[in-house]
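Below are the chains, spelled out letter by letter.
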Amino acid sequence: MGVAWNLLDDETLELELFVNTDQANGRYVAVGFSDDDQMGNEPVIECSAIAQQPPSLKFSFDKANGKGNERVPGNFSAHFYDISTSFQDGQLYCKGTVKVSGSSENEKVFKYDPSKEYHLLLANGKTTAKGLGYHKSQSSVSRKLRLAENSGFDKTQCGKSKGCTMPDAGSCYNVDGGIGASYRPIEGTQNIEFEIFGPANTSATNDVFVALGFSNDEFMNASSVIECSQLPGEANPTMKFSYNPVFNNTRIAGEEAIRAKLIQQSIGKVSDGSVYCKGIVNVGGDANEPRIFKWNKDQGYHLLFAVGFTASTGLTPHWGSCVSILTFLDQLDNIGFNDADCGNKKGCFQPTDCDGGCDEIASSWQVLSPNKLHVELTGKVATPNKYVAMGFSTNGRMGNNSVIECSSFDNGTFSMTFSYNLVNANYSNLRPSTDVSTLFSNQRVQFVDGVLYCSADVLVEGNANDQTVFKYEPGTNYTMVMATGETKTNGTKKGLGNHHGKRSVAPAQLLSDYLPPTAAPPPSGGGSFDSSACGKTKACYEPTTGDAVSYRVINPSSIEFEFSSTQSSPSGVYLALGFSSDGKMSPADVIECSSLGNQALSMKFSANSGYSNSRIDGEEDIRSQYITDTQTSYADGKIYCKGTVKSDGNANTQIFKYTPDQKYYLIVAKGAASAGGLGYHGQNGKHVSSQRLLTDLSAGNGSGSTVTLVMLHAIFMTVAWMTMVPTAVIFARVLRSSWPTLKPGGLLIWFHIHRGANLIGIALMIAGFVLILVHKDWKFVTAGWGGKHAIIGIIALCLAWLQPFISTLRCSPNDPRRPIFNYIHRGIGVIAMVLATTAICIAGYHFTGNRNVVQLVLALIPISVIFALSIFFIIFNNLVDVDTKSFTKQNGNSSPRIEDIPMRPTSKTETETTWTIRSPQSAASPDSDSSRNEVPLEKKRLWVNRFRELVVYGAVLIFVAIGTILSVFFALGLNGK
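About the thresholds
- Residues numbered from 1 in each chain as written.
- Predicted model: local features only at pLDDT ≥ 70, side-chain atom pairs only at ≥ 80, totals over all residues.
- Heavy atoms only, no water.
- Helix = DSSP H or I, 4+ residues; strand = E, 2+ residues; numbered from the N terminus.
- Buried < 20%, exposed > 50% of the residue type's maximum accessible area, 1.4 Å probe, protein only.
- Contact = heavy atoms within 4.5 Å.
- Areas by Shrake-Rupley, 256 points an atom, 1.4 Å probe, with all protein chains shown as cover.
- Salt bridge = Lys/Arg side-chain N within 4 Å of Asp/Glu carboxyl O.
- Pairing = 2+ DSSP bridges.
- Axes fitted to C-alpha atoms, helices over the stretch in contact; angles between N-to-C directions.
- Expected span 1.5 Å × (residues − 1).
- Core = buried A, V, L, I, M, F, W, Y, C linked by side-chain atoms within 4.5 Å.
- pLDDT = per-residue confidence, 0-100.
- Phe/Tyr/Trp six-rings, centres within 6.5 Å; stacked < 30°, edge-to-face > 60°.
- Lys NZ or Arg CZ within 6 Å of the ring centre and 35° of its normal.
- UniProt positions renumbered as here; feature names shortened; annotations may be inferred.
- Arc of directions from axis to C-beta.
- Disulfide = S-S within 2.5 Å.
- Lys, Arg positive; Asp, Glu negative; His and termini not counted.
- Polar contact = N/O pair within 3.5 Å; in protein donor to acceptor, adjacent residues only side chain to side chain.

## Comments concerning the overall build of the chain
In terms of helices and strands, the chain carries nine helices and 53 strands. Buried residues in the chain amount to 48% of all 977 residues. When contacts within the chain are restricted to residue pairs at least 6 apart in sequence, those whose partners lie at least 24 apart make up 61%. Roughly 45,800 Å² of accessible area belongs to the chain as shown, and the carbon and sulfur atoms make up 53% of that amount.

Below is the structure:
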């Protein structure tokens with residue numbers, strides 16, 4: 001058995017009682033509040049099931065001299081609220097909030113006295129029809145204690161029942177953690193329960209303090225203070241008020257009287273090297289003393305902590321201090337957004353499916369009245385001039401809807417405002433035409449460590465003169481659209497920039513319904529995709545191992561379709577089949593197997609126009625007549641749809657119409673769906689088949705030209721940057737001194753390879769660039785990771801293409817300005833290689849469905865090898881004597897002639913390099929001491945050059961292997977394998 005309590009104020013007690021027992025009926029557990037450790041003459045609160053009644057909390061009283069327990073007559077049910085009781089796993093449990101202010105009707109009702117200490121008498125047993133039975137030996141007594149007493153700071157409740165601030169060592173001076181405060185506003189009052197704790201250097205004195213200042217900035221001056229201090233002569237630390245006028249602390253005249261009025265249940269202790277206080281503080285301030293802390297609910301505070309010693313005059317200068325981030329005292333989490341209340345006290349949208357990454361954006365809304373919402377917005381934002389926005393859409397899309405945003409322009413501070421996304425011929429973000437600042441009250445903004453948090457109470461009654469002001473319609477289902485990105489300023493014109501894929505759409509729901517929309521039950525029908533019939537009784541296109549469509553032309557006006565796709569859920573997903581005459585996404589008629597938001601899975605018509613899929617007006621009525629004999633199911637992680645489609649066309653030309661002698665490209669796409677329609681399929685969610693007649697059962701899984709173009713682009717770029725360019729670089733970097741007498745065409749071997757490999761690489765780059773432009777219909781796309789890949793890749797290509805032209809401008813090797821050319825030429829090459837590697841890493845990690853990490857690692861190997869060998873040979877050249885290269889030439893039967901070839905050429909011209917070969921004098925005396933004691937110089941030099949060559953050959957093999965493996969991986973990945 002046990003009891004737990006939390007004294008909320010001098011009249012309210014949170015209480016829990018439990019006991020392990022065989023049944024709930026006829027059992028009790030009770031706690032008495034006694035002046036001594038003997039049972040008798042004390043008030044009792046019990047958790048009991050008397051007679052056949054269910055368990056409940058009640059008052060009772062222990063008779064004098066331990067002669068049993070008696071009922072307390074009267075109805076005191078109003079003293080108990082927020083009651084919960086249970087009997088589970090052999091445990092009887094009661095919890096509730098109890099009014100402990102006594103009763104004028106009966107003095108035996110427990111009345112808490114803050115000045116008293118109590119023994120808690122705990123007992124359990126069986127009940128009778130009259131009350132509690134004798135507990136026999138089932139009883140226990142506690143030490144004498146105050147109900148306000150606490151054992152110390154409990155971190156486990158931080159972010160749950162109380163807010164906490166505990167600065168780390170990086171935010172402190174001379175304090176390495178172990179300092180902080182908690183705060184818990186008591187609902188319906190001006191009171192906050194504070195805890196303050198910090199290190200106590202009791203080796204010097206027990207008269208210590210830890211002080212908590214409330215600052216508008218991060219400075220100590222002009223700050224009201226609540227302190228936990230033990231002044232000389234005091235037995236224990238207590239909570240007090242003080243003030244920091246400048247950078248020192250001062251006492252407040254009459255503070256003791258103010259403290260007695262505003263601080264309740266103050267307790268404190270110094271133990272284990274720490275000082276701790278807890279108390280309930282009235283933070284409404286004092287009308288006659290402005291230096292007493294007065295809480296402004298709309299304001300965030302920097303909490304300033306200081307620790308030190310006390311004197312008879314008050315606090316002495318502190319020896320350690322800390323400062324917190326901006327903190328709101330009525331928030332459990334210092335960084336604002338608390339998802340614990342999502343679905344209960346507020347509705348929330350926390351997307352994770354953004355194509356460009358969601359940056360932890362989240363929003364919440366709470367309906368305060370028919371024309372007022374409480375709105376929260378948060379997300380990771382690295383710098384100012386960014387935004388986090390939430391649109392209230394009635395059409396499921398970003399366009400033509402009101403927006404509430406938290407944004408920063410021109411390096412200014414973040415603030416909340418309205419805007420409107422207007423979509424007609426073009427997209428534009430309209431700014432308010434009136435002053436809307438008065439529509440946002442209780443606004444709070446935090447921007448700490450790259451996390452933005454904004455909240456406000458927002459009037460949403462619309463404005464006939466300002467289209468941006470949101471007008472809330474309580475009976476309307478809204479689709480929440482969240483996005484984040486950069487803000488744009490052009491002169492006096494401002495607006496929200498493109499989100500670049502950092503956007504997500506929630507299912508439609510009433511804003512007053514805080515629970516997320518319930519997903520539709522999974523389809524109960526049978527049916528599954530039979531691939532064994534492909535090419536026999538039906539034609540199939542299976543672009544990936546988890547996704548497939550089939551079609552069987554019954555007659556020119558009737559076609560049977562099947563859809564099968566691996567999906568994590570049967571709700572909010574789709575697999576769509578588009579029919580294209582040119583292999584492009586748009587225009588195309590579409591038949592889909594989809595669940596829009598929380599709707600049931602079904603087959604539907606839609607249409608592709610531009611870069612998006614759109615709903616068709618009146619499609620539901622058309623669907624009911626044109627799609628028949630449907631089956632849907634969700635089994636083994638796969639959605640399945642089957643139906644017979646009337647294919648002879650409709651007055652609405654967006655409905656698919658079959659032309660028997662036409663060859664179609666099949667465009668298969670999958671992704672997430674919202675109530676407004678199909679979402680973006682992402683980089684890997686779209687596949688295009690080869691061109692085919694729908695009556696050709698053997699068409700199979702051949703890819704269309706557009707997929708082939710992307711695949712060839714990937715292969716050409718991979719070979720160029722992973723094989724050809726690294727080979728050219730490593731020969732120029734390491735093998736300039738090799739084969740000095742071999743000069744085909746008057747040029748050294750290394751230069752031929754350097755130039756030839758680079759030219760081949762540039763040719764492949766040009767081809768790859770043209771292929772992707774053709775694939776993209778000569779349009780540049782900037783959204784998501786595809787946009788990042790394109791921008792970085794284009795910069796790398798421009799630098800690479802610039803290199804041959806720069807080479808034609810190089811000066812003579814003997815020109816004093818030649819080093820400048822060398823630095824420019826090499827610098828551009830290094831930058832281009834780094835950018836190209838980055839672009840290929842993005843493609844390897846984000847553009848294929850498999851082997852992402854492996855592809856990322858492989859893409860980093862060539863540039864890593866180049867840098868590693870460059871550093872290695874810099875060190876190697878400084879450790880090994882490689883000034884000259886020697887070779888031995890046999891002259892008939894005579895002794896060999898040893899000649900020296902200098903490491904560096906004798907002279908250089910624009911067209912050739914000259915080496916002067918000479919006989920070394922040191923070789924004239926074979927019997928000299930040096931020749932007997934040292935390795936022959938010619939052997940040493942020959943070994944060094946052979947070593948260089950072998951290393952480079954190995955590196956080139958690595959480059960060839962990487963280029964080949966990555967090309968194969970990209971080809972497989974882009975085909976969905």
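Once you've had a look at it, read on.
## A look at the pattern of salt bridges
Under the criterion given, the structure shown has 27 salt bridges. Linking Glu-70 and Lys-108 is a salt bridge whose minimum nitrogen-to-oxygen distance equals 3.0 Å. Remark: Lys-108 occurs in the loop between strand 8 (91–99) and strand 9 (118–126) and Glu-70 occurs in strand 6 (residues 69–71); sequence separation between them is 38 residues. Its relative accessible area of 28% is what places Lys-108 among the partly exposed residues. What emerges from the salt-bridge pattern is a single network uniting Arg-184, Glu-193 and Lys-278.

## Focus on the pairing of strand 29 (residues 401–407)
Where burial is concerned, most of strand 29 is hidden: seven out of the seven residues are buried. Relative to strand 30 (residues 415–423), strand 29 is paired through seven bridges, and the arrangement is antiparallel. Bridge pairing in strand 30 places Glu-405 opposite Thr-417.

## As for the sheet that holds strand 40 (residues 558–566)
The strand order 38-39-40-46-45 describes an open sheet built from five strands, whose pairing is antiparallel. Both outer strands of the open sheet, strand 38 (539–544) and strand 45 (627–635), are each paired with one neighbouring strand and no more. Here the average twist between neighbouring strands, direction ignored, is 10°. As paired elements, strand 39 (residues 547–555) and strand 40 share eight bridges and run antiparallel to each other. Looking at strand 40, one finds that Val-553 is bridged to Ile-559. Sitting on the sheet, helix 2 (residues 619–626) is in contact with strand 45 and strand 46 (638–646), with an inclination near 100° to strand 45.

## Digging into helix 7 (residues 852–879)
Compared with an ideal rise of 1.5 Å per residue, which puts 28 residues at 40 Å, helix 7 spans 41 Å between its outermost C-alpha atoms and is within 8% of the ideal. The complete set of buried residues in helix 7 reads Asn-852, Gln-855, Leu-858, Ala-859, Pro-862, Ile-863, Val-865, Ile-866, Leu-869, Ser-870, Phe-873 and Phe-876.

## Some points on the nonpolar core
Counting residues in hydrophobic clusters, the biggest one holds 54 residues, and the most contacted among them are Trp-721, Met-722, Ile-730, Met-765, Ile-840, Val-952 and Leu-966. With 13 residues, helix 3 (residues 705–734) is the single largest residue contributor to this core. In contact with Trp-721, not counting residues within four places along its chain, are Pro-726, Met-765, Ala-796, Leu-797, Ala-800, Ala-832, Met-833, Ala-836 and Ile-840. Residues Met-239, Phe-241, Tyr-243 and Val-307 belong to the second largest nonpolar core, which totals 35 residues.

## Considerations on the confidence of the model for the chain
Scored by pLDDT, the chain comes out at a mean of 85, with 90% of its residues at no less than 70. Across the chain, the element-wise mean pLDDT spans from 40 in strand 50 (residues 884–889) up to 97 in strand 16 (residues 223–229). In the predicted structure, residues 882–904 sits below a pLDDT of 50 and forms 63 contacts with residues beyond four places in sequence or in another chain. Between residues 919–931, whose pLDDT stays under 50, and residues either more than four places distant or in other chains, the model counts nine contacts.

## Examining the packing of aromatic side chains
This model, assessed by the stated rule, comprises 30 aromatic pairs. Ring centres 4.3 Å apart and planes at 15° place the aromatic pair Phe-392 and Phe-470 in the stacked group. Of this pair, Phe-392 sits in strand 28 (residues 386–393) while Phe-470 sits in the loop between strand 33 (451–459) and strand 34 (477–490), placing them 78 residues apart in sequence. Summarising the burial analysis for this pair, Phe-392 and Phe-470 share the class buried. Through successive ring pairs, a cluster of aromatic residues spans Phe-561, Phe-579, Phe-656, Tyr-658 and Tyr-664. Positioned over the ring face of Phe-529 is Lys-538, at 4.3 Å from the centre of the ring. Between the NZ or CZ atom of Lys-646 and the centre of the ring of Tyr-626, over which it lies, the distance is 5.0 Å.

## Brief notes about the UniProt feature "transmembrane region" (unreviewed entry) in the chain
According to UniProt, the feature "transmembrane region" (unreviewed entry) maps to residues 710–735, 756–774, 780–802, 823–847, 853–876 and 950–974 in the numbering used here. Span residues 823–847 is 96% helix and 0% strand, its end C-alpha atoms 35 Å apart.

## Regarding helix 1 (residues 255–262)
When we look at burial in helix 1, the residues that qualify are Glu-255, Ile-258, Arg-259 and Leu-262. Projected down its long axis, helix 1 carries its buried residues within an arc of 100°, all on one side. Set apart from the buried face of helix 1 by more than 90 degrees, the exposed residues are Glu-256, Ala-257, Ala-260 and Lys-261. Where helix 1 is buried, its residues touch strand 17 (238–244), strand 18 (263–271), strand 19 (274–282), strand 20 (284–286) and strand 21 (289–294).

## Focus on the state of the cysteines
Linking two cysteines covalently via their sulfur atoms produces the bond known as a disulfide. Throughout the structure, instances matching the rule amount to nine disulfides. Two residues, Cys-406 and Cys-454, share a disulfide whose sulfurs are 1.9 Å apart. In this structure the cystine formed by Cys-406 and Cys-454 twists about its S-S bond by roughly -50°; its chirality is therefore left-handed. Residue Cys-406 is located in strand 29, and its partner Cys-454 is located in strand 33; the two are separated by 48 residues in the primary sequence. Owing to a relative accessible area of 0%, Cys-406 belongs among the buried residues under this scheme.

## A look at unusual backbone geometry
For Asn-41, which is not glycine, the phi dihedral falls at a positive 65°. Looking at where Asn-41 falls in the secondary structure, it is placed in the loop between strand 3 (27–34) and strand 4 (42–48). By relative accessible area, which is 53% here, Asn-41 ends up exposed. Despite not being glycine, Asp-410 has its phi angle at roughly 55°, a positive value. Mapping Asp-410 onto the fold places it in the loop between strand 29 and strand 30.

## Brief notes about the sheet that holds strand 7 (residues 80–88)
In space, the four strands of this open sheet follow the order 1-2-8-7, with antiparallel pairing throughout. Whereas interior strands pair on both sides, the edge strands pair on one side only; in this sheet they are strand 1 (2–9) and strand 7. Neighbouring strand axes in the sheet, compared pairwise and without regard to direction, differ in orientation by 10° on average. For strand 7 and strand 8, the ladder comprises seven bridges, and the chain directions are antiparallel.

## Notes on the side chain of Lys-58
Examined against the element boundaries, Lys-58 turns out to sit in strand 5 (residues 56–62). Buried and unpaired, Lys-58 has no salt bridge, with Glu-46 as the nearest side chain of opposite charge at 4.7 Å. From its side chain, Lys-58 meets the backbone oxygen of Ser-48 in a polar contact 2.7 Å long. At a separation of 2.8 Å, a polar atom in the side chain of Lys-58 contacts the side chain of Ser-56. Those residues in contact with Lys-58 that lie beyond four places of it in its chain are Val-44, Ile-45, Glu-46, Ser-48, Ile-50, Arg-71 and Phe-80.

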